[in-house]
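Per-entry structural report
These are the residues of each chain, in order.
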Amino acid sequence: MAFRGTLNASAGASAGASAGAGAGTMPGFSENPRDYQQVQPGVIPLRPLSLSDIFNGAFRALREAPSVMFGLILGIWAVFALVSGIITALSFPDINQAMQTLENSGENTEAMLDTVLGMIESALLVSIPTSIVRIAVLAITTGIGVAAIAPMALGRRPSIGDTWDAVKPHFWRLIGFTFLLDLIAIGVAMLAFSPLILTFVGTYTQNLWMAVSGGLLVLLTGLAGFLCYVFITIRVIFAVPAMVMENIGVGASMRRSWALTKKSFWRIFGVIALTYMIWMAIMAGLGFIVQIVVTVAATVTKNMTLVMGISETLSGVIAGVYIPFIAGVQSILYIDLRMRREGLALSLLRASQQQD
């Protein structure tokens with residue numbers, strides 16, 4: 001794709017310029033949007049972007065390429081959600097029957113334990129594989145959203161075939177990076193909540209001081225772990241755009257993101273935080289609709305496992321609604337940072353003129 005070639009050439013050419021400039025900005029390149037003539041061949045103007053430019057570009061991308069941003073992405077999530085819902089409905093034991101068994105067991109501790117362990121085992125058998133597949137689907141659909149934004153910056157509407165061809169070479173890289181990020185989250189969480197061991201030991205040994213100390217300590221380590229994970233997430237936020245648009249590997253894309261986000265942490269954090277606030281507002285509205293559907297389903301059928309399957313399916317479909325917007329903001333913010341740091345606007349302008 002012409003856009004990726006432009007990005008690769010610009011990245012190589014600007015590396016030396018950034019090093020020479022010291023501050024990571026092209027010599028003579030102003031970050032003030034008012035210093036630029038409004039040139040906008042695609043969804044964003046080719047100049048350093050304001051907050052409204054970023055969000056307008058993301059929403060405009062959804063309108064201009066609905067077949068990719070909604071059709072392809074939502075279709076993939078819908079298939080996953082349907083399969084996940086069916087697996088949940090078929091594999092998880094009937095909750096009503098399980099509750100009836102618990103009530104009838106009376107003081108039979110062994111029967112109660114067998115019922116509870118059976119439900120836990122079924123939950124794990126359902127949740128672990130579906131969670132793994134969900135991570136893979138998240139990785140691929142995020143990559144699709146990024147790949148669709150690239151040509152739209154030059155005013156070209158992407159087709160489903162072109163977008164898929166752009167993502168296909170990075171299939172396993174995208175999945176690997178997403179799993180790596182989740183493993184980092186698990187590792188940070190394990191370290192952050194490790195003081196709970198003191199609480200458990202103190203409770204078991206009836207050592208009040210140890211139990212309270214563990215509880216207080218986990219508050220501090222939990223907060224520190226959360227801040228640590230947020231910091232890491234923001235620093236590697238552009239790994240997927242760099243991977244897809246610059247055609248580089250997982251390690252190189254993470255290093256690229258780490259370098260790009262240097263000295264821009266708080267601006268990126270603010271934009272991403274606002275993006276997720278918008279996402280939470282959308283999710284609240286869609287979640288209310290899901291709750292109504294689930295409530296109606298629960299009144300129609302007494303099979304709560306079937307209701308869980310319906311809820312799982314609808315939740316998966318909802319993910320396909322917000323992924324395109326988040327991927328769009330992430331991609332446009334990446335392009336904006338490169339326009340500010342590397343003078344990418346000039347390269348994109350030349351590319352848009354050549355394709356005309």
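Definitions and cut-offs
Residues numbered from 1 in each chain as written. Predicted model: local features only at pLDDT ≥ 70, side-chain atom pairs only at ≥ 80, totals over all residues. Heavy atoms only, no water. Phe/Tyr/Trp six-rings, centres within 6.5 Å; stacked < 30°, edge-to-face > 60°. Helix = DSSP H or I, 4+ residues; strand = E, 2+ residues; numbered from the N terminus. Buried < 20%, exposed > 50% of the residue type's maximum accessible area, 1.4 Å probe, protein only. Salt bridge = Lys/Arg side-chain N within 4 Å of Asp/Glu carboxyl O. Axes fitted to C-alpha atoms, helices over the stretch in contact; angles between N-to-C directions. Parallel < 35°, antiparallel > 145°, perpendicular 65-115°, else oblique. Contact = heavy atoms within 4.5 Å. pLDDT = per-residue confidence, 0-100. UniProt positions renumbered as here; feature names shortened; annotations may be inferred. Core = buried A, V, L, I, M, F, W, Y, C linked by side-chain atoms within 4.5 Å.

Section: the packing of aromatic side chains
Under the criterion given, the structure shown has 12 aromatic pairs. With a centroid separation of 6.1 Å and 20° between ring planes, the pair formed by Phe 55 and Phe 325 is classed as stacked. Here Phe 55, found in helix 2 (residues 51–64), pairs with Phe 325, found in helix 13 (residues 304–342); they are 270 residues apart in sequence, far enough to count as distant. Assessed through its relative accessible area of 5%, Phe 325 is described here as buried.

Brief notes about the pattern of salt bridges
Enumeration over the complete set of coordinates arrives at 10 salt bridges. In this structure, the salt-bridge partner of Asp 162 is Arg 156, at a minimum N-O distance of 3.8 Å. Taken together, the salt bridges that share partners define one network made up of Glu 246, Arg 256, Arg 338 and Glu 342.

A short note on the packing of helix 7 (residues 171–192) against helix 10 (residues 239–246)
At a minimum axis separation of 11 Å, helix 7 and helix 10 run at an interaxial angle of 170°. By the angle class used here, helix 7 and helix 10 are roughly antiparallel. Mapping the contact onto sequence places Arg 173, Leu 174 and Phe 177 in helix 7 and Ala 239, Val 240, Met 243 and Val 244 in helix 10.

Points about the confidence of the model for the protein
In this model, the protein carries a mean pLDDT of 80, and residues with pLDDT of at least 70 account for 77%. Element-level mean pLDDT values for the protein span from 46 in helix 1 (residues 2–21) up to 95 in helix 11 (residues 250–260). In the model, residues 12–31 has pLDDT below 50 throughout and makes 25 contacts with residues more than four positions away in sequence or in other chains.

Focus: the UniProt feature "transmembrane region" (unreviewed entry) in the protein
Residues annotated by UniProt as "transmembrane region" (unreviewed entry) correspond here to residues 68–92, 132–154, 174–197, 217–244, 265–294 and 314–335. Note that residues 132–154 is 91% helix and 0% strand, and that its end C-alpha atoms are spaced 35 Å apart. Its end C-alpha atoms 35 Å apart, residues 174–197 is made of 88% helix and 0% strand.

Comments concerning the nonpolar core
The tendency in soluble globular proteins is for nonpolar side chains to be buried side by side. Ranked by size, the top nonpolar core spans 74 residues in total, and within it Leu 174, Phe 177, Ile 268 and Ile 335 carry the most contacts. For this core, the element with the highest residue contribution is helix 13, accounting for 14 residues. With residues near it in sequence (within four places) discarded, Phe 177 still touches Val 236, Ala 239, Val 240, Met 243, Val 250 and Met 254.

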